[in-house]
Protein chains: 2
Amino acid sequence: MTSAVVYTDRHCSGIKNKNLNGISRTLEDIVGESRVIGPEQIAARATSYWNSTPMQATALVMPSSTEEVAAILKACNEVGQSVITHGGLTNCVAAVESVSSDVVLSLEKMNRVIEIDPVGATVTVEAGAILQNVQDAVALKGLRFPLDLGARGSCTIGGNIATNAGGINVLRYGMMRTLVLGLEAVMADGTVVASMNRMLKNNAGYDTKQLFIGTEGTLGVVTKAVLRLFPQPASRQNALVSMQDFDAVVAFLGFVQKQLAGSLSAFELMWGDYYQAVTDAGGHRAPLARDYPFYVVFQAEGSDADADDARFEAVLTEALQRELISDAVIPKSEAETRDIWNIREEFDAVLKPAPVYLYDVSLPIRDMESYVAQVKHRVSKSWTNGECYTLGHIADGNLHFFVAPNEAGDNHQRSDECVYEPLGQSGGSVSAEHGIGTEKLTWLPSSRSDAEIALMRTLKHSLDPANTLNPGRVLSE
Amino acid sequence: MTSAVVYTDRHCSGIKNKNLNGISRTLEDIVGESRVIGPEQIAARATSYWNSTPMQATALVMPSSTEEVAAILKACNEVGQSVITHGGLTNCVAAVESVSSDVVLSLEKMNRVIEIDPVGATVTVEAGAILQNVQDAVALKGLRFPLDLGARGSCTIGGNIATNAGGINVLRYGMMRTLVLGLEAVMADGTVVASMNRMLKNNAGYDTKQLFIGTEGTLGVVTKAVLRLFPQPASRQNALVSMQDFDAVVAFLGFVQKQLAGSLSAFELMWGDYYQAVTDAGGHRAPLARDYPFYVVFQAEGSDADADDARFEAVLTEALQRELISDAVIPKSEAETRDIWNIREEFDAVLKPAPVYLYDVSLPIRDMESYVAQVKHRVSKSWTNGECYTLGHIADGNLHFFVAPNEAGDNHQRSDECVYEPLGQSGGSVSAEHGIGTEKLTWLPSSRSDAEIALMRTLKHSLDPANTLNPGRVLSE
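Attention here is on the structure that accompanies the text. None of these values were measured; they are calculated from a predicted model.

**Section: the packing of aromatic side chains**
This model, assessed by the stated rule, comprises 30 aromatic pairs over all chains. With a centroid separation of 5.4 Å and an interplanar angle of 80 degrees, the aromatic rings of Phe252 of chain A and Phe298 of chain A are classed as edge-to-face. Separated by 46 residues along the polypeptide, Phe252 of chain A in helix α8 (residues 246–259) and Phe298 of chain A in strand β14 (residues 294–302) bring together distant segments of the chain. Under the relative-accessibility criterion, Phe252 of chain A is labelled buried at 0%. The exposure class of Phe298 of chain A is buried, given its relative accessible area of 1%. Taking 4.8 Å as the distance between ring centres and 70 degrees as the angle between the ring planes, the aromatic pair formed by Tyr173 of chain B and Phe230 of chain B counts as edge-to-face.

Take a look at the structure:
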């Protein structure tokens with residue numbers, strides 16, 4: 001690995017015309033004037049993908065190398081300066097929302113795909129690389145990076161690692177944690193910990209990289225990673241099917257998990273309310289009748305282009321004969337395939353009228369039906385015109401809700417109670433894949449015991465004693 | 001989850017006839033007299049699978065519940081008593097070898113399969129459960145726990161977790177880390193941290209269970225786990241093939257990874273020297289000529305029993321036509337299948353004359369050929385009749401060596417140097433799947449940077465400040 005070339009213009013600029021405070025001048029000394037912006041320019045950015053209010057921070061710094069990140073964190077740590085790390089700003093739990101006293105560390109200039117190893121099936125990237133760019137770069141070599149989610153065009157690998165991202169292919173390829181072979185991170189005091197392992201197996205001591213995966217940037221800033229790749233599949237098959245009840249959904253999942261074992265790559269369940277809302281007038285075309293209680297869009301990825309389509313159709317036919325599913329449609333073109341996936345992935349119709357609250361919970365499949373009924377019951381009791389749209393990666397135990405109170409006022413807390421309160425009975429989690437951020441802080445204890453939270457605090461205090469890295473995320477201060 | 005019933009006979013015994021010291025009496029108060037044995041009875045046990053000398057310890061305690069483990073660790077921690085945790089004693093890096101001042105904590109009585117959830121595809125077990133018993137128990141429900149290794153009949157789930165075990169199915173199913181959904185562990189001070197998650201996705205705060213996976217019992221004692229299950233495959237195909245050079249091995253691996261994507265479950269490479277040694281007079285029958293430089297035994301697991309055999313044979317035929325492989329044999333019965341796997345798994349022939357040193361390293365595939373040549377060169381330069389047998393899970397980057405000096409004297413250090421010294425150049429690891437234990441302590445710095453080791457020490461000091469849990473394992477004291 002070669003380090004990125006460090007470009008700074010600190011020697012090219014005669015006049016510093018920005019009205020900068022102490023920490024900003026320190027940052028300029030590290031990265032050069034053009035890579036630090038102050039509050040006015042920062043305010044031209046949106047807070048996040050989900051929040052269009054102006055971004056706030058005392059300074060935003062854009063390092064171009066690990067060494068610069070290390071110097072920045074060291075300098076901030078020495079003066080107790082809070083640092084909020086920014087990737088693609090698509091985080092769903094308000095983890096990237098900075099305040100006026102924060103320094104924002106943006107990895108937008110550290111976005112290179114450094115090396116692809118086709119034999120070892122790995123790619124080495126900087127943390128600011130955008131997921132889709134990595135997917136595209138390895139595809140040119142006939143390889144595949146299988147992490148995939150709706151935000152692919154904006155989210156970064158560093159953010160994917162910090163949040164242990166999930167998405168639609170977890171069923172076959174696992175979450176981000178299982179796809180990270182090696183990583184480099186900078187700790188709060190500026191120490192660089194490079195664990196750029198390239199092998200599937202490495203048990204030489206504690207696997208320290210786990211400390212930086214899924215800890216939301218609170219224990220270190222990920223700067224580089226080695227990711228695991230797979231061959232591009234020889235074929236892909238997709239279908240949209242409908243069922244009459246939840247038992248049929250579970251039976252059909254078991255059936256395809258067995259019949260398409262190893263090739264089943266996605267299985268996305270939509271409750272009828274969601275399907276009806278997104279295929280309503282002005283929305284998506286409905287390829288299947290709109291009055292079923294359940295719909296599933298699913299995908300297989302095969303290695304035998306000649307035989308896979310026939311096998312997939314035979315499995316679907318048998319499922320129809322066994323009455324596991326009520327109806328099915330197999331798309332006949334790339335455009336038709338995109339159409340059925342858009343029903344799952346493009347849900348603007350349920351986001352209006354704002355505010356609509358998005359949830360991401362997990363629980364065992366056997367408890368899902370009664371849990372969803374409880375949530376829907378609570379929503380309908382809370383608001384006369386309240387709606388609760390439900391969908392999810394059920395094979396992963398993961399459900400998403402869009403709760404729309406359709407009523408004026410701040411209903412967020414009440415909405416949270418509708419979703420989270422019935423969850424504890426089944427050992428469910430308030431966050432399947434989005435993390436805790438700042439938004440779910442108060443609900444963490446409903447998914448984690450006092451002993452677990454105490455252990456998290458022990459880690460945070462050991463590794464970031466001055467609490468400068470993403471303070472107030474995951475753990476309340 | 002219900003806790004195991006705590007059975008103690010502390011109230012049934014009138015006379016304590018063992019000559020016990022202070023800590024032993026404390027242990028008896030916790031678990032009852034029959035669950036604590038002293039040095040004489042301990043000496044009737046072998047030190048480990050690999051070391052038949054008498055086991056040493058001041059006391060060996062056999063708790064039957066998490067609560068008892070907690071009380072034991074708390075009591076030992078308060079007096080600074082070292083505790084060595086025992087599972088199946090098959091550890092390859094001398095991690096279980098206790099000394100006369102240690103307390104041995106044996107999980108042999110905590111061996112229950114607590115619950116199988118066929119819908120969620122999980123099994124909940126106590127840490128002392130033997131791997132093969134878990135495999136068999138879930139097979140009765142049509143499910144599969146895919147971790148598999150030669151020690152399956154002795155090794156325990158707790159040991160598999162503590163060492164992040166690998167084995168022959170990592171290629172498809174991952175190492176133990178990816179198969180553990182939830183676990184319960186007891187920390188050094190007796191705190192029970194229960195994270196018995198059952199879902200594939202759970203990002204509610206730090207994934208604290210990672211602290212107890214692959215840390216060799218130095219940060220806590222695993223007492224229970226929730227493991228991920230898969231459907232039993234509908235079909236299995238196996239073959240033994242031979243190649244003329246390493247490039248052909250790599251090309252064939254790439255070919256089957258693409259052609260059998262999702263169903264390829266094992267790919268085990270044997271160098272000719274190993275194959276020749278184990279198929280010599282009195283050893284295994286050789287299904288293929290004995291003079292090829294490379295042999296691979298590999299396996300696919302399919303979901304379409306009618307079509308999978310034909311597909312597998314077609315892939316093999318194409319590989320022969322493309323001259324990726326020189327010869328191939330497909331076993332025609334369960335017995336023949338066992339025969340070709342025994343060539344890989346039963347290697348008594350290379351273990352004589354003792355001592356023979358076993359190695360487990362990982363490195364990128366692209367560096368393997370030259371690395372193996374260097375090791376063999378060093379071995380042949382070190383000892384006139386020295387032998388170096390090589391095999392490995394190469395798709396995982398993992399090689400094993402058996403180094404036989406065939407010369408009197410203690411050659412261990414020199415053997416280590418032959419294997420480990422050329423490894424650093426390629427960013428390889430001195431431990432792919434066996435861990436560090438006590439045996440590889442001095443070699444850890446050749447695979448890990450000072451910053452990584454310092455971070456490991458920070459964790460150890462934070463979580464086990466009195467250094468009572470498996471002291472001297474992973475990190476030197």
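After presenting the structure, the write-up continues.
**Quick look at the relation of the copies chain B and chain A**
Least-squares fitting of chain B to chain A yields an RMSD of 0.0 Å, with the superposition described by an axial translation of 0.0 Å and a rotation of 180 degrees. Here the copies are linked by what is in effect a two-fold axis. Scanning chain B for the C-alpha nearest the rotation axis identifies Gly262 of chain B, at a separation of 2.1 Å. A share of 100% of interface residues in chain B that are also interface residues in chain A marks the association as one of identical surfaces.

**Here's the deal with the pairing of strand β16 (residues 357–362) of chain A**
Residue and element names in this part refer to chain A. Of all six residues that make up β16, five are buried, and the element is covered over most of its length. By the bridge criterion, six bridges tie β16 to strand β18 (residues 398–404) in an arrangement that is antiparallel. Pairing of Asp360 across the sheet is with His400, part of β18.

**Details of the sheet that holds strand β3 (residues 83–86) of chain A**
Residues and elements named next belong to chain A. Read from one edge to the other, the open sheet built from four strands follows the order β1-β2-β4-β3, with strand pairing classed as mixed. At either margin of the open sheet sits one strand with a lone partner, and together these are β1 (36–37) and β3. As judged from the four bridges shared by β3 and strand β4 (residues 103–106), these two strands associate in the parallel manner. Note that in β4 the partner of Ile84 across the bridge is Val104. Against the sheet, helix α3 (residues 66–78) touches β2 (59–61), β3 and β4, its axis set at about 165 degrees to β4.

**Description of the sheet that holds strand β9 (residues 192–195) of chain A**
All names here are of chain A. Taken in spatial order, the five strands of this open sheet run β5-β6-β10-β8-β9, and their pairing is antiparallel. Two strands bound the open sheet, and with one partner strand each, they are β5 (113–117) and β9. Ignoring strand direction, the axes of neighbouring strands in this sheet form an average angle of 10 degrees. Where strand β8 (residues 180–186) lies against strand β10 (residues 221–228), six bridges are found, and the strand directions are antiparallel.

**Let's talk about the pattern of salt bridges**
For the structure on display, the rule yields 50 salt bridges over all chains. A salt bridge links Arg198 of chain A to Glu115 of chain A; the shortest N-O distance between them is 2.9 Å. Of this pair, Arg198 of chain A sits in the loop between β9 and β10 while Glu115 of chain A sits in strand β5; the two residues are 83 residues apart in sequence, bridging distant segments of the chain. The exposure class of Glu115 of chain A is partly exposed, given its relative accessible area of 25%. Within this structure, Glu115, Asp117 and Arg198 of chain A together with Arg366 of chain B form a network of salt bridges that share partners.

The rules behind each value
Residues numbered from 1 in each chain as written. Chains lettered and ligands numbered in written order. Predicted model: local features only at pLDDT ≥ 70, side-chain atom pairs only at ≥ 80, totals over all residues. Heavy atoms only, no water. Phe/Tyr/Trp six-rings, centres within 6.5 Å; stacked < 30°, edge-to-face > 60°. Helix = DSSP H or I, 4+ residues; strand = E, 2+ residues; numbered from the N terminus. Buried < 20%, exposed > 50% of the residue type's maximum accessible area, 1.4 Å probe, protein only. Least-squares fit on C-alpha atoms with pLDDT ≥ 70 in both. Contact = heavy atoms within 4.5 Å. Pairing = 2+ DSSP bridges. Axes fitted to C-alpha atoms, helices over the stretch in contact; angles between N-to-C directions. Salt bridge = Lys/Arg side-chain N within 4 Å of Asp/Glu carboxyl O.

Read these as layout, nothing more, since geometry by itself doesn't imply function.
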